[in-house]
Amino acid sequence: MSVPPFPSMPTLRQKQLLAGASWRRERLRTNLWLVPTAEALLFALLFAATVTLDRLAYDGRLSYADWVLSGTADGARQILTTIAAALITVVGLVFSITIVALTLASTQLGPRMLRTFIRDRGTQLTLGTFVASFCYTVLALGAVSPGLHGDFVPHLSITFALGLTLVDLGVLIYFIHHIATMIQLPQVIAVIADDLARAIEAQSGADRQPPAGIDCGPDADELLRLVDESGTVIATPETGYLQFLKHDELVRLAAAAGAVLHLPYRPGHFLVQGQPLAVVWPPAAAPQLAAQLTRVQVTGPYRTLTQDVSFGFDQLVEIAIRALSPAVNDTFTALTCIDWLSHCLCRISHSWHPQRVHRDHAGRIRVLAYQADYDRLVQRAFEKIRQSSAGMPAVMIRQLDALCRVMEQTTIPRRREVLLAQGAMIRDCCEATVTEPADRADVLRRHEALLALHQVSDPQAASAAARTYVQRSGTTRHASTSVSAG
């Protein structure tokens, strides 16, 4: 009797394949050479097509329309030389503007924000368009040469070069506008939050339950006990941040070896060479799996969002605490980060169930992986900002407003308790560091509104209760309202 396949595996397989594809796209996207190289190759193919037509016209087998430019070889060389010189000058200008934007991002937002600017498609397409146009013009310049019937002048290619120059002018105007928009802090924060929201959607998924009526072996708790008692450690091959794990491949390898893999670290953790990467049970399967694990995990010098949702929260928090530092003192940027953090936390209030158990087609547990849970993500979103906002009631009020917003959409009692604990710590920080009685009263009223929300389990009723409580508590005084509306 054959064992029926695990019913949820197709969906799991699709999500794992999408994760792998997302990782590859991320590696290809985060550079400044791929798009310019691809565009240069496309423009080289375009030149091959136009110069072929020019050869046919030169041999008298094709006639051009009136809009195709005509002229002598010397005139063609002058036109193409001028275009090439102008293009390479603009390429240098675009690179300079890009470097200035990267420097500004590194100084004001932090070095981890550089990857957001490097992976920007607008910048890559602009660089690619100018570099490719320059390559096309140089190729056309080299095509002007003596021939059997006089000098060969690629009239159609020259016409296309002039047309590309006009296109490049429009691209330059777009690039200036794009850079001016992209370096604005609210735009940068919104882009990071959007990337984080997509990562949350891609990585959420609860553990799959085993098929009913089928012996699927020990459960997760029993396997963890066996791993702790007699498992064999596989060491990390190199130092760096764990960036990506091919869970589907890990399941396949573990199933082939008849083993169970326990991964004590998740993508985003920093591993030192020799530190445990996985623990294998039974120990006899360790030598076989140790030789294969190196090709199913990626370690690098930086973190990515592909399997590391915590990194997105850390990026927003980093911008906020930099803004709250005495050297910057930009409270409104911190408030913007808190708003977007609340948006991302609302996305995980219902759907975030990190998958820790990975089963094979027979339903047996093969991989036990560690993932960031809801509690930890909430802590990452609030604690560092709270620690940096001592004596700043505006930030405390906005954090409590964010907690209320998330509480309205959270129905799981345990998760509501996590939000309530964060609110209590903000209240304690306020009482310890805010000396102005009126400001302290504003913060405490916001905390009481959070307590009122916690008493109501229905999201719609909770929202109405919070609004009613705030109105009755007299929090409409001008200063507090203006700070909250921010």
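Definitions and limits used
Residues numbered from 1 in each chain as written. Predicted model: local features only at pLDDT ≥ 70, side-chain atom pairs only at ≥ 80, totals over all residues. Heavy atoms only, no water. Axes fitted to C-alpha atoms, helices over the stretch in contact; angles between N-to-C directions. Helix = DSSP H or I, 4+ residues; strand = E, 2+ residues; numbered from the N terminus. Parallel < 35°, antiparallel > 145°, perpendicular 65-115°, else oblique. Contact = heavy atoms within 4.5 Å. Polar contact = N/O pair within 3.5 Å; in protein donor to acceptor, adjacent residues only side chain to side chain. 1 Å grid on protein atoms, 1.4 Å probe; cavity = no way out; pocket = protein on both sides within 12 Å on 5 of 7 lines; lining within 4 Å. Points joined across faces, edges and corners; volume = space filled by probe spheres on them. Nonpolar A, V, L, I, M, F, W, Y, C, P; charged D, E, K, R; others polar. Buried < 20%, exposed > 50% of the residue type's maximum accessible area, 1.4 Å probe, protein only. Pairing = 2+ DSSP bridges. Phe/Tyr/Trp six-rings, centres within 6.5 Å; stacked < 30°, edge-to-face > 60°. Salt bridge = Lys/Arg side-chain N within 4 Å of Asp/Glu carboxyl O.

(A) Representation of the packing of helix α14 (residues 393-408) against helix α16 (residues 437-454) within the structure. In contact at an axis separation of 9 Å, α14 and α16 are set at 10 degrees when each is read in the N-to-C sense. As summarised for this structure, α14 and α16 are arranged roughly parallel, according to the angle between their axes. The residues of α16 that touch α14, namely those facing Pro393, Met396, Ile397, Leu400, Asp401, Leu403, Cys404, Met407 and Glu408, are Asp439, Asp442, Val443, Arg446, His447, Ala449, Leu450, Leu453 and His454.

(B) Main features of the side chain of aspartate 375. Here aspartate 375 shows up in helix α13 (residues 374-388). Among the polar contacts listed, one links the side chain of aspartate 375 to the side chain of arginine 414, at a separation of 2.9 Å. Setting aside anything within four residues of it in sequence, one finds aspartate 375 in contact with Arg414 and Val418.

(C) The arrangement of empty space enclosed by the protein in detail. Evaluated as defined, the whole model comprises three cavities of 30 Å³ or more. For the largest cavity, the calculated volume is near 50 Å³. If you go around the largest cavity, the residues you meet are Ala101, Leu104, Ala105, Gln108, Leu109, Phe117, Ile183 and Leu185. In terms of residue count, helix α3 (residues 73-108) provides more of the lining of the largest cavity than any other element does, four residues in total. Within the lining of the largest cavity, the residues separate by chemical class into seven nonpolar, one polar and no charged.

(D) Structural context of the pairing of strand β4 (residues 240-245). Within β4, five of the six residues are buried, which leaves it mostly tucked inside the rest of the structure. The pairing of β4 with strand β6 (residues 270-271) spans two bridges and is antiparallel. Directly across from tyrosine 241, in β6, lies its bridge partner phenylalanine 270. Note that β4 and strand β8 (residues 297-300) share four bridges and pair antiparallel. The partner of leucine 245 across the bridge, within β8, is glutamine 297.

(E) Molecular detail of the packing of aromatic side chains. Considering all chains together, one arrives at three aromatic pairs under this definition. Relative to tyrosine 136, the ring of phenylalanine 47 lies with its centre 5.8 Å away and its plane at 90 degrees, an arrangement referred to as edge-to-face. Of this pair, phenylalanine 47 sits in helix α2 (residues 34-58) while tyrosine 136 sits in helix α5 (residues 121-143), and the two are 89 residues apart along the sequence. In this pair, the class of phenylalanine 47 matches that of tyrosine 136, namely buried. Considering the side-chain rings of tyrosine 58 and phenylalanine 152, the 5.4 Å spacing of their centres and the 85 degrees angle between planes classify their relative orientation as edge-to-face. Taken together, the residues span a long stretch of sequence, with tyrosine 58 in helix α2 and phenylalanine 152 in strand β2 (residues 150-152) at a distance of 94 residues.

(F) Region of the structure containing the pattern of salt bridges. Enumeration over the complete set of coordinates arrives at 21 salt bridges. Measuring nitrogen to oxygen at the nearest pair gives 3.5 Å for the salt bridge that ties glutamate 249 to arginine 295. Placement of the pair is glutamate 249 in helix α9 (residues 247-257) and arginine 295 in the loop between α10 (286-290) and β8, with a sequence separation of 46 residues. You can call arginine 295 partly exposed: its relative accessible area is 46%.

(G) View of the sheet that holds strand β7 (residues 276-281). Strand order in this open sheet of five strands is β3-β7-β5-β10-β9, and the pairing throughout is mixed. Here the strands that pair on one side only, and so sit at the sheet edges, are β3 (232-235) and β9 (357-359). Between one strand axis and the next, the sheet turns by 25 degrees as a mean value, whatever way the strands run. Its contacts with the sheet put α9 on β5 (260-263), β9 and β10 (365-369), and the angle it makes with β10 is roughly 135 degrees.

(H) Representation of the sheet that holds β4. Read from one edge of the open sheet, three strands run β6-β4-β8, paired in antiparallel fashion. Both outer strands of the open sheet, β6 and β8, are each paired with one neighbouring strand and no more.

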